[in-house]
Amino acid sequence: LQSPFSSMFPSKPFPKTLIRHQHQTSSFIASPTLKHSRKIKMLRRNIRLRKEYLYRKNLEGDERVQYEKKMKIREALQEGKPIPTELRNEEARLRQEIDLEDQNTAVPRSHIDDEYANATENDPKILLTTSRNPSAPLIRFTKELKFAFPNSQRINRGSQVISEIIETARSHDFTDVILVHEHRGVPDGLIISHLPFGPTAYFGLLNVVTRHDISTKKAIGKMPEQYPHLIFNNFTTQMGQRVANVLKHVFPAPKVDARRIVTFSNESDYISFRNHVYDKGEGGPKSIELKEVGPRFELRLYQVKLGTVEQNEAETEWVIRPYMNTAKKRKFIGE
């Protein structure tokens with residue numbers, strides 16, 4: 001038996017052992033690889049977890065009805081009043097369930113509780129990318145966002161579609177994906193999608209100012225990489241608490257002595273992002289000196305979806321509608 005290259009090198013045919021190894025390698029490549037089988041297992045696991053999440057979400061209505069029935073029975077027993085007529089057939093069963101409940105099971109949980117149930121176990125891990133063919137200003141802005149959001153990794157989008165990016169992020173245990181969009185070289189959109197089930201918050205980007213546009217390189221110093229303390233101002237409504245929950249879980253828990261501060265300040269539903277560091281001032285032990293290190297921008301929420309960014313069929317939790325801005329006193333995030 002001779003090698004396929006024997007016509008080129010007739011005087012030196014390949015050894016039989018090498019030819020046998022070549023056949024074994026080709027047969028191994030033809031069979032499903034270990035990496036491919038792991039990918040199939042990961043897809044099946046994600047599908048199963050998604051089905052469980054949707055099943056729990058569908059049960060929320062029934063659990064809320066049962067919770068209200070139990071509350072009526074509790075109030076009747078505490079006030080010494082008779083059990084409501086419509087609940088007398090279920091009184092025995094409901095009272096038995098009430099006796100078995102504790103402070104953790106008495107209040108029904110929602111899908112919002114499941115979204116960040118494991119957020120405190122590990123630090124967030126963020127995948128940061130852009131739209132296709134990003135301009136130089138957008139690339140410079142995402143490089144600064146990489147330092148603004150700790151534990152983030154920036155990748156080039158290339159020709160990848162959104163579904164491929166999300167699947168890659170899930171397989172590598174990323175907790176969030178942040179997509180930055182632009183219009184004619186000006187960053188105009190920011191999407192934060194929490195993994196594995198959502199939510200996904202869509203923001204408009206306005207008044208973007210990069211670090212070196214704030215001040216000179218010498219005055220602004222190096223970008224700090226500390227885990228920052230977070231300040232949320234005027235997130236008073238239910239949707240405001242929802243948005244604050246999305247934003248705060250992008251950052252890990254800081255150390256007590258950290259000297260970096262990230263502020264999200266809401267005014268008329270425009271969220272201002274500011275990144276500062278502080279140090280001891282010259283006015284005494286209680287004085288501090290605050291220095292902005294950038295970048296600086298405003299966020300305008302326009303949609304929240306109950307799913308990840310690639311799921312077009314995901315339910316829309318909130319979206320800005322036409323003529324919402326005409327009511328001057330109507331505020332959705334804070335008063």
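As the structure is a prediction and not an experimental result, all values here were calculated from the model.

All right, on to the packing of aromatic side chains then. Using the criterion set out here, one finds 10 aromatic pairs in the structure. Judged by centre distance (5.5 Å) and plane angle (85°), the rings of Phe232 and Phe235 are edge-to-face. For Phe232, a relative accessible area of 28% puts it in the partly exposed group. Classification of Phe235 as buried rests on a relative accessible area of 6%. Positioned above the aromatic ring of Phe174, the side-chain terminus of Lys125 is 4.6 Å from the ring centre.

What follows is about the pattern of salt bridges. The full count for this structure, using the stated rule, is 10 salt bridges. Residue Lys69 pairs with Glu90 through a salt bridge whose shortest N-O separation is 3.1 Å. Pair noted here: Lys69 is in helix 3 (residues 60-79) and Glu90 is in the loop between helix 3 and helix 4 (91-100), with a separation of 21 residues, a long-range link. The shortest N-O distance in the salt bridge between Glu310 and Arg170 comes to 3.6 Å.

The rules behind these values
Residues numbered from 1 in each chain as written. Predicted model: local features only at pLDDT ≥ 70, side-chain atom pairs only at ≥ 80, totals over all residues. Heavy atoms only, no water. Phe/Tyr/Trp six-rings, centres within 6.5 Å; stacked < 30°, edge-to-face > 60°. Buried < 20%, exposed > 50% of the residue type's maximum accessible area, 1.4 Å probe, protein only. Lys NZ or Arg CZ within 6 Å of the ring centre and 35° of its normal. Salt bridge = Lys/Arg side-chain N within 4 Å of Asp/Glu carboxyl O. Helix = DSSP H or I, 4+ residues; strand = E, 2+ residues; numbered from the N terminus.

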